Amino acid sequence: MTLLEEMYARRSVRKYSDEPVPQEKLNMIIEAGLLGCTGRNTHSPEFIVVTDKALLEKLSHARVGAAKMLEGAGAAIITLGNAEKTDTWVEDASIALENMHLMADSLGLGSCWIQGKGREAENGESTEEYVRKLTGFADNLKLVAILSIGCIEEGTHPKGYTKDDLDFERVKFI
């Protein structure tokens, strides 16, 4: 499958089976994140990989109405930007997240981006502060998003896109 075909097929998955995510696949997803390009080659994104079921359940409350899939996920990758290294920490971490999204799909796993930056947890704290308290990441690190990952529950993978779904009116050639 070409990368473009993979991009057409990839969709966010929010329902996972109880099957654990194989460590080998999780390692490959992290490698894809570490390979993301960064401004001035700073390698600013940092990652916290969570597989502990009790912590995943707590993380499912990190966003109002948007993180419940973490209860059933096999893993989550908390993706952080180092604001002391670069002013492009959001972009750098976002590129890493997209790489990991695509890698998960290419390995037959489901994933979903759970926005963290600028969002609120169910308890009223910022999502960043809520996650920081659970995991202890340093103050110079800023939460961008959490990527949920899991083995896809049979029959729940959304249908991929087709070329007809693309809005080429948004593109101008000059």
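Refer to the preceding data block for the structure.
Just so it is clear, the structure is predicted and the values come from calculations on it, not from any experiment.

Caption draft 1: Examining the packing of aromatic side chains more closely. Under the criterion given, the structure shown has 0 aromatic pairs. Seen from the ring of tyrosine 161, arginine 11 lies directly overhead, with NZ or CZ sitting 4.3 Å from the centre.

Caption draft 2: Region of the structure containing the packing of helix H2 (residues 23–34) against helix H4 (residues 89–106). Running from N to C, H2 and H4 cross one another at 145 degrees; their axes reach a closest spacing of 7 Å. In this structure, H2 crosses over H4, and the sense of that crossing is right-handed. Residues Met28, Ile29, Ile30, Ala32 and Gly33 of H2 touch H4, and the partners they reach there are Ala96, Asn99, Met100, Met103 and Ala104. A breakdown of the residues in the contact of H2 with H4 according to their chemical character gives 8 nonpolar, 2 polar and no charged.

Caption draft 3: Structural view of the pattern of salt bridges. The tally for this structure, following the rule as stated, stands at 6 salt bridges. Here arginine 132 and glutamate 129 are joined by a salt bridge, their closest N and O atoms 3.6 Å apart. Here the residue arginine 132 and the residue glutamate 129 both occupy positions in helix H5 (residues 127–135), the gap between them amounting to 3 residues, near one helical turn. Take arginine 132: its relative accessible area is 10%, and that puts it in the buried class.

Caption draft 4: How the structure looks around the nonpolar core. The biggest cluster of nonpolar side chains holds 23 residues, and the ones touching the most others in it are Val50, Leu59, Leu70, Ile78, Val131, Leu143 and Ile146. Listing elements by their share of this core, those giving two or more residues are helix H3 (53–59), strand E2 (75–82), strand E3 (109–115), H5 and strand E4 (141–151). In contact with valine 131, not counting residues within four places along its chain, are Leu59, Ala62, Ile78, Gly136, Phe137, Leu143 and Ile146. Counting 20 residues, the second-largest nonpolar core is a separate cluster that includes Ile30, Ala75, Leu107 and Val144.

Caption draft 5: Here's a closer look at unusual backbone geometry. For arginine 40, which is not a glycine, the phi torsion comes out positive at approximately 55 degrees. On the secondary structure map, arginine 40 appears in the loop between H2 and strand E1 (46–50). In this structure arginine 40 comes out as exposed when scored by relative accessible area, which is 79%.

Caption draft 6: Structural context of the environment of arginine 14. The residue arginine 14 is located in the loop between helix H1 (3–9) and H2 in this model. In this structure arginine 14 comes out as exposed when scored by relative accessible area, which is 51%. Remark: the alpha-carbon pair of arginine 14 and isoleucine 152, spanning 138 residues in sequence, is separated by 8.4 Å. Discounting chain neighbours no more than four positions away, the residues touching arginine 14 are Met69 and Cys112.

Caption draft 7: Highlighting the side chain of serine 60. Summarising the element assignment, serine 60 is placed in the loop between H3 and E2. Setting aside chain neighbours within four positions, we find serine 60 in contact with Ala67, Lys68, Leu70, Glu71 and Glu122.

Caption draft 8: Structural context of H5. Burial in H5 covers these residues: Thr127, Glu128, Tyr130, Val131 and Arg132. Following H5 by one or two positions, glycine 136 adopts a phi angle in the positive range, close to 75 degrees.

The rules behind these values
Residues numbered from 1 in each chain as written. Predicted model: local features only at pLDDT ≥ 70, side-chain atom pairs only at ≥ 80, totals over all residues. Heavy atoms only, no water. Phe/Tyr/Trp six-rings, centres within 6.5 Å; stacked < 30°, edge-to-face > 60°. Lys NZ or Arg CZ within 6 Å of the ring centre and 35° of its normal. Axes fitted to C-alpha atoms, helices over the stretch in contact; angles between N-to-C directions. Helix = DSSP H or I, 4+ residues; strand = E, 2+ residues; numbered from the N terminus. Left-handed = near helix turned anticlockwise from the far one by under 90°. Contact = heavy atoms within 4.5 Å. Nonpolar A, V, L, I, M, F, W, Y, C, P; charged D, E, K, R; others polar. Salt bridge = Lys/Arg side-chain N within 4 Å of Asp/Glu carboxyl O. Buried < 20%, exposed > 50% of the residue type's maximum accessible area, 1.4 Å probe, protein only. Core = buried A, V, L, I, M, F, W, Y, C linked by side-chain atoms within 4.5 Å.

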